[in-house]
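# Reading the structure
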Amino acid sequence: MTTHDSVTSRRRMLAATAGIGTAALATTVAGAGEAAAAETPAGWLNVRDAAYGALGDDAADDQPAIQKAIDAAGQGGTVYFPPGRYRIAAPLRLTLGVTLRGDWNPHFPDRTNMTGSYIRPAVGYFVGDALITVDPAPAQDTYYDSAHGGGPRLYGLALKGCDGLRNRIVNTENGPITAVRINPGVKDVGMDKVTIWRFSGDGVNAQNGAAFQFNQVHCTGAGGHGFTWGDSAGTGGGLVDADLFQCYSQGNGGHGFDILNPNAVTMVDCRAEWNTQYGYHVTGINYSMVMVGCNTDRNGKDGFHLATSAGGRFLQLLGCLAKRDGKSATDAAGFSVTGEAAEGIVLTGCSTSIGRNDDSTGDFSPAYGITTSALNSASCVSVVGGEYVGTTAPFNDAGAVVVRHSGVTAGTRTDAGIVWDKSDAHMVSGAAGTTRDVQFWSRGKNRRWALRATDTAESGSGDGSDFALVRYADDGTALDTPVTVSRSTGRITLGQAGNTPGVVVNATASPGVNLVQTRAAGQGYAVTGADTASRAFQSQVTGDSINRFAVDIAGTQTFGPGGSTGRDTSWGRLGAAQVGSSDSDLVAGLAGKGLRVKEGANAKMGALTLNGATAVTVATTAVTATSRIFLTVQAPGGTPAGIAYVSARTAGTSFSVKGVAGDTSTVAWLIVEPA
């Protein structure tokens, strides 16, 4: 049989060898009736000791006794609560660095029946708005002294805010009661292994405080927020210099975590589940905040709701998971970024998942994996890796600020299941009328190139936001835009003023450039010149200093021998309906090749049959007053005389030919105009 002395000796040994935390754990072997001064570690004040007189019977008002122990403990003292049910009718007040220490903190009090030891407000006659109130320490000269040697600590406590299992207790004015209220100006508050459940107000309400260290603090079933450092009106001062580790907020009537103006805040492995509003509600100016491995499940609205204000930076989420959020909203998202600005918001390796209630009832949610809205065009939400799904779409980038990097998987749930976007996309998003760049820099120097969606205005008709390749000088200033692509027409522009040449193609196979025009009656190449002297095409052989062939913008072709000799031969338009050369002979340089002329109505070449001395008229509009008409016998007939001559002509209408009596020969005619 274990004696009181042996229990006490063992506790003291544990305290000496393993520290205060282990000693506190060892006291749990004692029953409520065994708590006595002799069983309390040295330096601790036991509220059940005769000097203070708390009963812990869930009947008497233990507030005066507990407060007496707190006041007696003073700075650095520890007030110990042996297992019991401590009912109090007024708030416990802490100012100095006093530790309130118990030995229990059930994770799920209602489920595990670990509800036999707690502190709670008296039913029907509690006066005040908080079970425990923390006030600022005496005024100090500097910020570094403001915690007055160390602030209050709560360790291993269970704070119960309900009568029986679920009925939340209100105060004498029928107002809500918050479990722990930390008033403005308080610094250096620690809470470790504290369970708070079913308070009519908030679980933890802290305003304008700094230097908080919370570890495994659980707030469930509160009528207000689980944790709040701010409020819906944007007042309260916010949260500064805080570390929250494995804190849990479940089933609260407000937000799981309500945080205003975070500055130097780190949250690790925290959870927000089944809260009526948002899981994490972060508002105001985000000076700096990091969330690592935090997760949500089935909150009424967005899982992570980041409503930012201008002037802040650095809100980073790493490995955070949003699950089934938005059960009470049709447009909710796992992650929502909204407000005036979103500078420095980075989601790395975060993910959303879709689901319904645990019993498979209710609608699938959320609608979106990530939503942005109401942000200015200079804002930026960077998404690196992760998996995002929604019932409507994975992304709802209404703020036009998402930068989606490689490694991001996206999908949309349909009746048949999730349809995955299997592309590995790098997405640069920005408002219309702004430039969106992917830039290439030389390390330690300046940018060299940029792939850009331009700020060309959009009308909503598929135009604007053209594409461009921008070239930069060594000092980082833009030189020109060698390549642009019009979104409205799809046309590519190569080069601009100052680029010589615009395009160089080094081909190692034939053809060097191959244009396949698949559009009926489509154009192949179109060249626009500044004037008629502009070149549409030119070519040379390696080593030439002068081009051997050139086509100017008017279509005239010029030819030369190459080397350093100029081009000496031309061919092109000489006038209306005239093509030829103004400086060269026309040569058929291959035997068997020559001049071919089309015959027919109004032609310049044909044949007729003589009718002796009677004129034969040839109707053709090709004849002019100065036309040279050549005649030659093709086939003799009748009494051939070999004589045929032009006897008359009417310019633009006809000419006539005569022979001699009896001559019916076939005569060919050809019209040539003098140059």
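Here we summarise the structure given alongside this text. (Residues numbered from 1 in each chain as written. Predicted model: local features only at pLDDT ≥ 70, side-chain atom pairs only at ≥ 80, totals over all residues. Heavy atoms only, no water.)

### Topic: the overall build of the protein
When helices and strands are counted, the protein shows four helices and 55 strands. Taking all 675 residues of the protein together, 43% fall into the buried category. At a minimum sequence separation of 6, the contacts of the protein that also span at least 24 residues come to 57%. Just so you have it, the protein exposes about 32,900 Å², and 52% of that area is on carbon and sulfur atoms. (Helix = DSSP H or I, 4+ residues; strand = E, 2+ residues; numbered from the N terminus. Buried < 20%, exposed > 50% of the residue type's maximum accessible area, 1.4 Å probe, protein only. Contact = heavy atoms within 4.5 Å. Areas by Shrake-Rupley, 256 points an atom, 1.4 Å probe, with all protein chains shown as cover.)

### Overview of the pairing of strand β24 (residues 288-292)
Burial along β24 is one-sided: Met289 and Met291 are buried, and none of Ser288, Val290 and Val292, which face the opposite way, are. Sheet topology places strand β21 (residues 263-268) next to β24; five bridges connect them, and they run parallel. Within β24, the position partnered with Val268 by the bridge is Val292. Pairing of β24 with strand β27 (residues 315-318), which is carried by four bridges, proceeds in the parallel orientation. Within the sheet, the bridge partner assigned to Val292 lies in β27 and is Leu318. (Pairing = 2+ DSSP bridges.)

### Considering the packing of aromatic side chains
Under the defined criterion, the tally for this structure stands at 17 aromatic pairs. Ring centres of Phe257 and Tyr280 lie 5.0 Å apart, and the angle between their planes is 5°; on these two criteria the pair is classed as stacked. Of this pair, Phe257 sits in strand β20 (residues 257-260) while Tyr280 sits in strand β23 (residues 280-284), and the two are 23 residues apart along the sequence. There is no split in this pair, since Phe257 and Tyr280 are both buried. In this structure an aromatic cluster arises from ring pairing among Phe212, Phe214, Phe227, Trp229, Phe257, Tyr280, Phe304, Phe335, Tyr388 and Phe395. A cation over a ring is seen here: Arg101 above Tyr155, with NZ or CZ 3.9 Å from the ring centre. Directly above the aromatic system of Phe364 lies the positively charged group of Arg413, at a separation of 3.6 Å from the ring centroid. (Phe/Tyr/Trp six-rings, centres within 6.5 Å; stacked < 30°, edge-to-face > 60°. Lys NZ or Arg CZ within 6 Å of the ring centre and 35° of its normal.)

### Looking at the sheet that holds strand β46 (residues 549-552)
Pairing is antiparallel across the open sheet formed by five strands, whose spatial order is β45-β46-β47-β48-β49. Two strands lie at the open edges of the sheet, namely β45 (535-539) and β49 (578-580), each paired on one side alone. On average, each strand axis in the sheet is tilted by 15° relative to the strand beside it, whichever way the strands run. Relative to strand β48 (residues 569-575), strand β47 (residues 557-559) is paired through three bridges, and the arrangement is antiparallel. Across the sheet, the residue bridging to Gln557 is Trp571, located in β48. (Axes fitted to C-alpha atoms, helices over the stretch in contact; angles between N-to-C directions.)

### Concerning unusual backbone geometry
Note the cis peptide between Ser365 and Pro366, where omega equals 5°. Tracing the backbone shows Pro366 in the loop between β31 (351-353) and β32 (368-373). Cis peptide bonds are those with omega within 30 degrees of zero, and the linkage from Ser510 to Pro511 qualifies with -5°. Within the secondary structure layout, Pro511 lies in the loop between β44 (492-494) and β45. A positive phi angle, close to 65°, is found at Asp58, a residue other than glycine. Tracing the backbone shows Asp58 in strand β2 (residues 57-61). The residue Asn602 is not glycine, and still its phi comes out positive at about 60°. Residue position: Asn602 is located in the loop between β49 and β50 (605-609).

### Things to note about the side chain of His281
Turning to its location among the elements, His281 is positioned in strand β23. Here His281 falls in the buried class, since its relative accessible area comes to 10%.

### Thoughts on the environment of Ser200
Residue placement: Ser200 occurs in the loop between β14 (187-197) and β15 (204-206). Residue Ser200 is classed as buried on the basis of its relative accessible area, which comes to 16%. Separated by 30 residues in the primary sequence, Ser200 and Val170 place their C-alpha atoms 6.3 Å from one another. Beyond its immediate chain neighbours, meaning those up to four positions away, Ser200 contacts Arg168, Ile169, Val170, Gly175, Pro176, Ile177, Gly223 and Gly224.

### Some points on the pairing of strand β13 (residues 178-182)
Burial runs high along β13: five of the five residues are buried. Relative to β13, strand β8 (residues 130-134) is paired through four bridges, and the arrangement is parallel. The partner of Ala130 across the bridge, within β13, is Thr178. Pairing of β13 with β15, which is carried by three bridges, proceeds in the parallel orientation.

### Here's the deal with a nonpolar patch on the surface
On the surface, Ile492, Leu494, Val503, Val505, Val513, Leu515 and Tyr525 cluster together into a nonpolar patch covering about 700 Å² of accessible area. Among the secondary structure elements, Tyr525 is positioned in the loop between β44 and β45. (Patch = residues over 30% accessible without salt bridge, like charges linked within 9 Å, V, L, I, M, F, W, Y side chains within 5 Å. Salt bridge = Lys/Arg side-chain N within 4 Å of Asp/Glu carboxyl O.)

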